[in-house]
Amino acid sequence: MLKGLRLFSLFVGLCSFNIVAGPILLLDVIEHQNQLYAAAERGYIAKLDWQQSDKPVLIKTPTDVMLTAITSSEGNVLWAVGHEGVIVKSKDGGVSWEINYQHDNGGALFDINFFDEQHGIAIGAYGLFLRTDDGGENWQQEFHSGLLPVEDIEYLNEIREQSEEDYLFELSSILPHLNQVKLIDSTLYVVGELGLFAASTDFGKSWQRLNISYQGSLYDVAQAKQGIWISGMRGNLYFIGQQSITNALSDSETMLDDNKIDFPEPVNLNKITCKQELCIVLGNSQTVWKIDDNEVLVVEKFKSKSFVSAIILDERTAYLVGENSYNKLRLAN
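We now turn to the structure provided with this report.

Criteria and thresholds
Residues numbered from 1 in each chain as written. Predicted model: local features only at pLDDT ≥ 70, side-chain atom pairs only at ≥ 80, totals over all residues. Heavy atoms only, no water. Helix = DSSP H or I, 4+ residues; strand = E, 2+ residues; numbered from the N terminus. Rg over C-alpha atoms; globule rule 2.2 N^0.38 Å. Contact = heavy atoms within 4.5 Å. Lys, Arg positive; Asp, Glu negative; His and termini not counted. Charge placed at Lys NZ, Arg CZ, Asp CG, Glu CD. Axes fitted to C-alpha atoms, helices over the stretch in contact; angles between N-to-C directions. Parallel < 35°, antiparallel > 145°, perpendicular 65-115°, else oblique. Buried < 20%, exposed > 50% of the residue type's maximum accessible area, 1.4 Å probe, protein only. Arc of directions from axis to C-beta. Salt bridge = Lys/Arg side-chain N within 4 Å of Asp/Glu carboxyl O. Pairing = 2+ DSSP bridges. Phe/Tyr/Trp six-rings, centres within 6.5 Å; stacked < 30°, edge-to-face > 60°. Lys NZ or Arg CZ within 6 Å of the ring centre and 35° of its normal. 1 Å grid on protein atoms, 1.4 Å probe; cavity = no way out; pocket = protein on both sides within 12 Å on 5 of 7 lines; lining within 4 Å. Points joined across faces, edges and corners; volume = space filled by probe spheres on them. Nonpolar A, V, L, I, M, F, W, Y, C, P; charged D, E, K, R; others polar.

With that out of the way, let us pick up the overall build of the protein. A count of helical and extended segments in the protein gives 4 helices and 28 strands. Computed over its C-alpha atoms, the radius of gyration of the protein comes to 20 Å, within 12% of the 20 Å expected for a compact globule of 333 residues. Each of the three principal axes of the protein carries a C-alpha extent, and together these read 65 × 55 × 35 Å. Intrachain contacts of the protein at a sequence separation of at least 6 include 44% that bridge at least 24 residues. Positive and negative side-chain charges in the protein, numbering 25 and 45 respectively, have mean positions lying 12 Å apart.

Listed below in structure tokens is the structure:
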């Protein structure tokens, strides 16, 4: 009997299986080959077949940690990251999953982005930054001093003059949380704690920190018409024009012309999702907002649900994911 249980446990650890879900926390969602897939708690990937059922189908991966973000690369490959430095991969479009990588020192991963089939990065807490150049066969950890404020860089350079080993140790210990990374046109942006907003024009091999007026935590960055949106703590929402970014990239001392948008509630703004000129905003609230001509408008207020992420399918419909699975959201009649 015990032998049988051990064999069953081994089978579960190596294979994916599907169940129909009750309430479950979903944290990120993407569209892949006309299906929606979401990263979820307890090591699940949720397949959201909204045309057939109002409940997601849960696909178990070989981990039990919370999965925080999901993306795709070229071909039929999906990736997800989560706590304990785990990266899981599906080679068959989300049907089955395997552990691709797990960082030796753990650490939560918050986002993953692939630029093509071979090249990608994953980011997370305490400056955790991983890169692959061979489709996930190998991941290397990188430490980027360009993500730090000028005063920290000067402090590190003083240490480096004395000891390269001490410099690397101190650098790895003071890097901020990296919350979100986005490739917008040909520029890679990252946002994080302590007002971190940085840009890279070489796919994250080097970074330039940009000077934004807000010094609290920033949670998301999204493409806007002729610029970008940035969201953060306590209702901080900013529009930054492309020309201002271009000017700042050419002069590291330039202050961004960040246009702060009046937000109706002082909630942490966790997610901005845009498609063309339509953008919706989610926070630690039961309200969903949209941005219309730099004005924030309420789309819908839910009585008992809050949401973490969203995807806009068209000008009329979006899907929200969060603490009670997912909801369809009507954006227009």
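Moving on from the coordinates now.
Let us now look at the packing of helix 2 (residues 150–162) against helix 3 (residues 164–174). Two numbers describe a pair of packed helices, the interaxial angle and the distance between the axes. Contact geometry of helix 2 with helix 3 gives a least axis separation of 8 Å together with a crossing angle of 155°. If you check the angle between helix 2 and helix 3, you find them roughly antiparallel. Residue-level contacts link Asp-152, Tyr-155, Leu-156, Ile-159 and Arg-160 of helix 2 to Glu-164, Asp-166, Tyr-167, Glu-170, Leu-171 and Ile-174 of helix 3.

Those residues of helix 3 that sit buried are Tyr-167, Glu-170 and Leu-171. Axial view of helix 3: buried residues confined to an arc of 105°, hence all on one face. Of the residues in helix 3, the exposed ones pointing more than 90 degrees away from the buried face are Glu-165 and Phe-169. On its buried side, helix 3 packs onto helix 2.

If you walk through the whole model with that rule in mind, you get 9 salt bridges. Among the salt bridges present, the one from Arg-42 reaches Glu-41, with a minimum N-O distance of 3.2 Å. The exposure class of Arg-42 is partly exposed, given its relative accessible area of 42%. According to the relative accessible area criterion, Glu-41 is buried, its value standing at 19%.

What follows deals with the sheet that holds strand 6 (residues 67–73). With respect to topology, 4 strands assemble into an open sheet ordered 6-7-8-9, the strand pairing being antiparallel. The sheet terminates laterally at strand 6 and strand 9 (98–102), the two strands that pair on one side only. Each strand axis lies, on average, 25° off the axis of its neighbour in the sheet, ignoring direction. In terms of strand pairing, strand 8 (residues 86–90) meets strand 9 through 4 bridges, oriented antiparallel. Each bridged residue has a counterpart across the sheet, and for Val-88 the counterpart in strand 9 is Ile-99.

The subject of this paragraph is the packing of aromatic side chains. Here the distance between the centres and the angle between the planes together describe a pair of aromatic rings. Tallying each qualifying case throughout the model produces 12 aromatic pairs. Measuring from ring centre to ring centre gives 6.1 Å for Tyr-319 and Tyr-326, while their planes differ by 45°; the resulting arrangement is tilted. Tyr-326 matches Tyr-319 in its accessibility class, with the two residues each being buried. Ring pairs connect the aromatic residues Trp-79, Tyr-101, Phe-114 and Trp-139, which therefore count as one cluster. Between the NZ or CZ atom of Lys-60 and the centre of the ring of Tyr-44, over which it lies, the distance is 5.6 Å.

Turning our attention to the layout of surface pockets. Reported here for the largest pocket is a volume of approximately 1200 Å³. Contributing to the lining of the largest pocket are 38 residues, with Asp-28, Asp-111, Gln-180, Lys-182 and Lys-271 lying nearest its centre. Secondary-structure elements contributing two or more residues to the lining of the largest pocket are strand 2 (26–32), strand 6, strand 10 (109–114), strand 14 (178–184), strand 18 (218–224), strand 22 (269–275) and strand 26 (307–312). Class assignment of the residues belonging to the lining of the largest pocket gives a composition of 20 nonpolar, 12 polar and 6 charged. When its volume is computed, the second largest pocket comes out at roughly 400 Å³. Taken together, 18 residues form the lining of the second largest pocket, with Glu-277, Leu-278, Ile-291, Asp-292 and Asp-293 sitting closest to its centre. Of all the secondary-structure elements, those providing two or more residues to the lining of the second largest pocket are strand 18, strand 23 (278–283) and strand 24 (287–292). Top element by residues in the lining of the second largest pocket is strand 24. It accounts for 3 residues.

Attention now goes to the pairing of strand 11 (residues 120–124). Across the 5 residues of strand 11, 5 count as buried, placing the element largely inside the fold. The two faces of strand 11 match: Gly-120, Ala-122 and Gly-124 on one face and Ile-121 and Ile-123 on the other face are all buried. Inspection of the sheet shows strand 10 paired to strand 11 by 5 bridges, in the antiparallel sense. Across the sheet, Asn-113 pairs through a bridge with Ile-121, a residue of strand 11. Between strand 10 and strand 11, which pair antiparallel one after the other, the connecting turn spans 5 residues. Direction of pairing for strand 11 relative to strand 12 (residues 129–132): antiparallel, over a ladder of 4 bridges. What sits directly across from Ala-122, in strand 12, is Leu-130. Joining the antiparallel neighbours strand 11 and strand 12 is a turn of 4 residues, in which Tyr-126 adopts a positive phi near 55°.

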